[in-house]
Amino acid sequence: MKQITVKIGGMGCEHCKKTIEEYLNNKEGINAKVSLENNNATISYDEKKINLADIKKYIEDTNYEYLGEE
């Protein structure tokens, strides 16, 4: 498992945090913890199943902005 922290734009409330966190955690090979206070997500993922482009797409699928790795 690889772990990264990515910046996320557009979050403003607990509902935003929960939406992203639940969506990511429902994807196979991902375990995510989203921080509203830091506007980021710490994501552990299986490099054999998921890559960074997938993670970017998943965040954008929730209508929030992927702002790159920290």
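Residues numbered from 1 in each chain as written. Predicted model: local features only at pLDDT ≥ 70, side-chain atom pairs only at ≥ 80, totals over all residues. Heavy atoms only, no water.

This part is about helix α2 (residues 52-61). Three or more residues of α2 are buried, namely I55, Y58 and I59. One side of α2 carries all its buried residues, which in axial view fall inside an arc of 95°. Along its buried surface, α2 packs onto β1 (2-9), α1 (14-25), β2 (30-35), β3 (40-45) and β4 (65-69). Where α2 begins, the capping side chain belongs to N51, and its oxygen is found 2.9 Å from the backbone nitrogen of A53. Of the residues flanking the end of α2, it is N63, one or two places downstream, whose phi is positive at about 70°. (Buried < 20%, exposed > 50% of the residue type's maximum accessible area, 1.4 Å probe, protein only. Helix = DSSP H or I, 4+ residues; strand = E, 2+ residues; numbered from the N terminus. Arc of directions from axis to C-beta. Contact = heavy atoms within 4.5 Å. Polar contact = N/O pair within 3.5 Å; in protein donor to acceptor, adjacent residues only side chain to side chain.)

Now for the environment of D61. By the element assignment, D61 lies in helix α2. Judged by relative accessible area, which is 34%, D61 ranks as partly exposed. When the C-alpha positions of D61 and I20 are compared, they lie 9.2 Å apart, and in sequence the two are 41 residues distant.

Right, let's talk about unusual backbone geometry for a bit. Look at N39: it is not a glycine, yet its phi comes out positive at around 50°. Tracing the sequence through the fold places N39 in the loop between β2 and β3. N39 sits in the partly exposed class, given a relative accessible area of 33%. For N63, which is not glycine, the phi dihedral falls at a positive 70°. Given a relative accessible area of 71%, N63 falls into the exposed group.

Any functional reading would require information that these geometric values do not contain.
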